[in-house]
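Residue strings, one per chain:
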Amino acid sequence: MTELEKLKKSIEELSAEELARFREWFLEFEARIWDAQIERDSKAGQLDELVAEGLAEYRAGKAREI
């Protein structure tokens, strides 16, 4: 049995309360990973074109409040 299969089995055996706590933890974990990726991409300049495009649209009056 692979580690992933063991993990899936363990998750399936969680109580409703434990599953809710796991879900909350996992969403926070996933958000931290996403934030780290965005930070790396930003430092590497991979978002510069998107930022420039967004600023140009804002300055041209094409943006609206959400």
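Residues numbered from 1 in each chain as written. Predicted model: local features only at pLDDT ≥ 70, side-chain atom pairs only at ≥ 80, totals over all residues. Heavy atoms only, no water.

Draft legend 1. Broad picture of helix α2 (residues 16–43). Under the 1.5 Å per step criterion, the end-to-end length of α2 is 41 Å for 28 residues, consistent within 8% with the ideal 40 Å. Following α2 by one or two positions, Gly45 has its phi on the positive side, about 80 degrees. (Helix = DSSP H or I, 4+ residues; strand = E, 2+ residues; numbered from the N terminus. Expected span 1.5 Å × (residues − 1).)

Draft legend 2. Expanded view of the side chain of Asp41. Here Asp41 is to be found in helix α2. A distance of 2.8 Å separates the side chain of Asp41 from the side chain of Gln37, its partner in a polar contact. (Polar contact = N/O pair within 3.5 Å; in protein donor to acceptor, adjacent residues only side chain to side chain.)

Draft legend 3. Layout of the environment of Lys6. Structurally, the position occupied by Lys6 is in helix α1 (residues 3–12). Given the relative accessible area of 39%, Lys6 is considered partly exposed. (Buried < 20%, exposed > 50% of the residue type's maximum accessible area, 1.4 Å probe, protein only.)

Draft legend 4. How the structure looks around the pattern of salt bridges. Evaluated as defined, the whole model comprises four salt bridges. In this structure, the salt-bridge partner of Lys6 is Glu3, at a minimum N-O distance of 3.3 Å. Of this pair, Lys6 and Glu3 are both found in helix α1, three residues apart, which corresponds to roughly one turn of the helix. According to the relative accessible area criterion, Glu3 is exposed, its value standing at 61%. Here Glu13 makes a salt bridge to Lys9, at a shortest N to O gap of 2.7 Å. What makes Lys9 partly exposed here is its relative accessible area of 41%. (Salt bridge = Lys/Arg side-chain N within 4 Å of Asp/Glu carboxyl O.)

Draft legend 5. Fine view of the packing of aromatic side chains. Per the stated rule, a full pass over the model turns up five aromatic pairs. Ring geometry for Phe22 versus Phe26: centroids 6.1 Å apart, planes at 25 degrees, classification stacked. Linking Phe22 with Phe26, this pair stays in helix α2, spanning four residues, or about one helical turn. By relative accessible area, which is 27% here, Phe22 ends up partly exposed. You can call Phe26 partly exposed: its relative accessible area is 34%. On the numbers, 5.0 Å between centres and 15 degrees between planes, the contact of Trp25 with Phe29 is stacked. Here the residue Trp25 and the residue Phe29 both occupy positions in helix α2, the gap between them amounting to four residues, near one helical turn. On the accessibility criterion, Trp25 (41% relative accessible area) is partly exposed. (Phe/Tyr/Trp six-rings, centres within 6.5 Å; stacked < 30°, edge-to-face > 60°.)

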